[in-house]
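Coordinate analysis (summary)
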Amino acid sequence: MKLIIDTDPGIDDAMAIAYAAAAPDIDLIGLTTIFGNTHVHQSSRNARFLLDKLGLDAPVAEGAPWAWETDGHAPSEHVHGPEGFGDITEIPQIGSNHPLAAAEYLVDQARAHKGELVVCAVGPLTNIADAMRLDSEFASNLKRLVIMGGAVFCPGNITEHAEANIYHDAKAADAVFASPPDTVLVGLDVTLKTLYETADFEALAERSVEMGRFLRDISKFYLKFYKDIGGLEGCGLHDSTAVIACTHAPMFEMVETGIRVIADGPQAGATLPDADRPAIRVCRDVDGAGVVELFTERVATLP
């Protein structure tokens, strides 16, 4: 599967990119970056650093610095740390970004791999909405869009109503769902059923000395957040679960429904079923233990 991950690395993003690098059924052809967990220039730096660490020669195309109709963004430092990787703050600048901006790169690659390319969006949907604005055929050129975002049948995580990726650009998200490609939505309805605990990180670090230890080390900050805020003994494999959904759909129970996003007000970012919108597949349940096991087995093959 030819895959581009639209990402804001981010601790769980790093885990997802590592999984994609290790998966024998994924050809990770590039990364596009977005604001979210970090500022977009940090996202790009972190993405290039991760690709270098993984030994992957793939481009990084930098995308939107903030949401539609805004002129700034406050990163999620309390969740992912000041530079996106927990307590690790010295992250080298390696290489440079692709000359095309993210939306242009997505349009270009969707044309070049028409009917083959899967885009997995694990941050705000601004780049995806921008690509749809840029090229009316972008959606039909994709094989599939898989989104980590939303909370359709459960409470949100940034507000009572909203999941963070959708909340950070609710207008762009609503535009995507108004005229979506073939889309799978992997939201909090399933990602919080894939808890990865301290013992899982330790076991991974024993098997993957370099990458596994790196993921264990950056996750300590993330695990503390989950413990302090939610009383949980692990973190959700949010972005990794979305990447796994790209290739392992039978692990998920899905329902078909259109989705509308509330753009403003106290319920901003809420993802609501809407029968008048084009139907997408929304994940409602998952083999959580299977996802955890698959993530470990694949990432453990990395050096």
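The paragraphs below set out a description of the structure included in this document.

Right, let's get into the pattern of salt bridges. Enumeration according to the criterion identifies 16 salt bridges in this entry. Between R298 and D25 there is a salt bridge whose closest N-O contact spans 3.3 Å. Note that R298 is positioned in helix 13 (residues 288-299) and D25 in the loop between helix 1 (11-22) and strand 2 (27-33), a separation of 273 residues in sequence. With a relative accessible area of 27%, D25 lands in the partly exposed category. Here E83 and R45 are joined by a salt bridge, their closest N and O atoms 2.8 Å apart. On the criterion of sequence distance, the pair formed by E83 in the loop between helix 3 (77-80) and helix 4 (102-112) and R45 in helix 2 (residues 40-54) is long-range, its members being 38 residues apart. Among the charged side chains, a network of salt bridges with common partners joins E202, R216 and D217.

So, about the packing of aromatic side chains. Enumeration according to the criterion identifies eight aromatic pairs in this entry. A network of ring pairs unites the aromatic residues Y19, Y196, F201 and F295 as a single cluster.

Our next topic: the nonpolar core. Counting 63 residues, the largest nonpolar core has L3 and L215 as its most contacted members. Looking at this core, the element that brings in the most residues is helix 1, giving nine residues. Excluding residues that lie within four positions of it along the chain, L3 makes contacts with A20, I26, D27, L28, I29, G30, L117, V118, C120, V243 and C246. If you look at the next biggest cluster of nonpolar residues, it comprises 34 residues, including L117, I128, A129 and A170.

Rules of the game
- Residues numbered from 1 in each chain as written.
- Predicted model: local features only at pLDDT ≥ 70, side-chain atom pairs only at ≥ 80, totals over all residues.
- Heavy atoms only, no water.
- Salt bridge = Lys/Arg side-chain N within 4 Å of Asp/Glu carboxyl O.
- Helix = DSSP H or I, 4+ residues; strand = E, 2+ residues; numbered from the N terminus.
- Buried < 20%, exposed > 50% of the residue type's maximum accessible area, 1.4 Å probe, protein only.
- Phe/Tyr/Trp six-rings, centres within 6.5 Å; stacked < 30°, edge-to-face > 60°.
- Core = buried A, V, L, I, M, F, W, Y, C linked by side-chain atoms within 4.5 Å.
- Contact = heavy atoms within 4.5 Å.

That is the geometry; function is a separate question.
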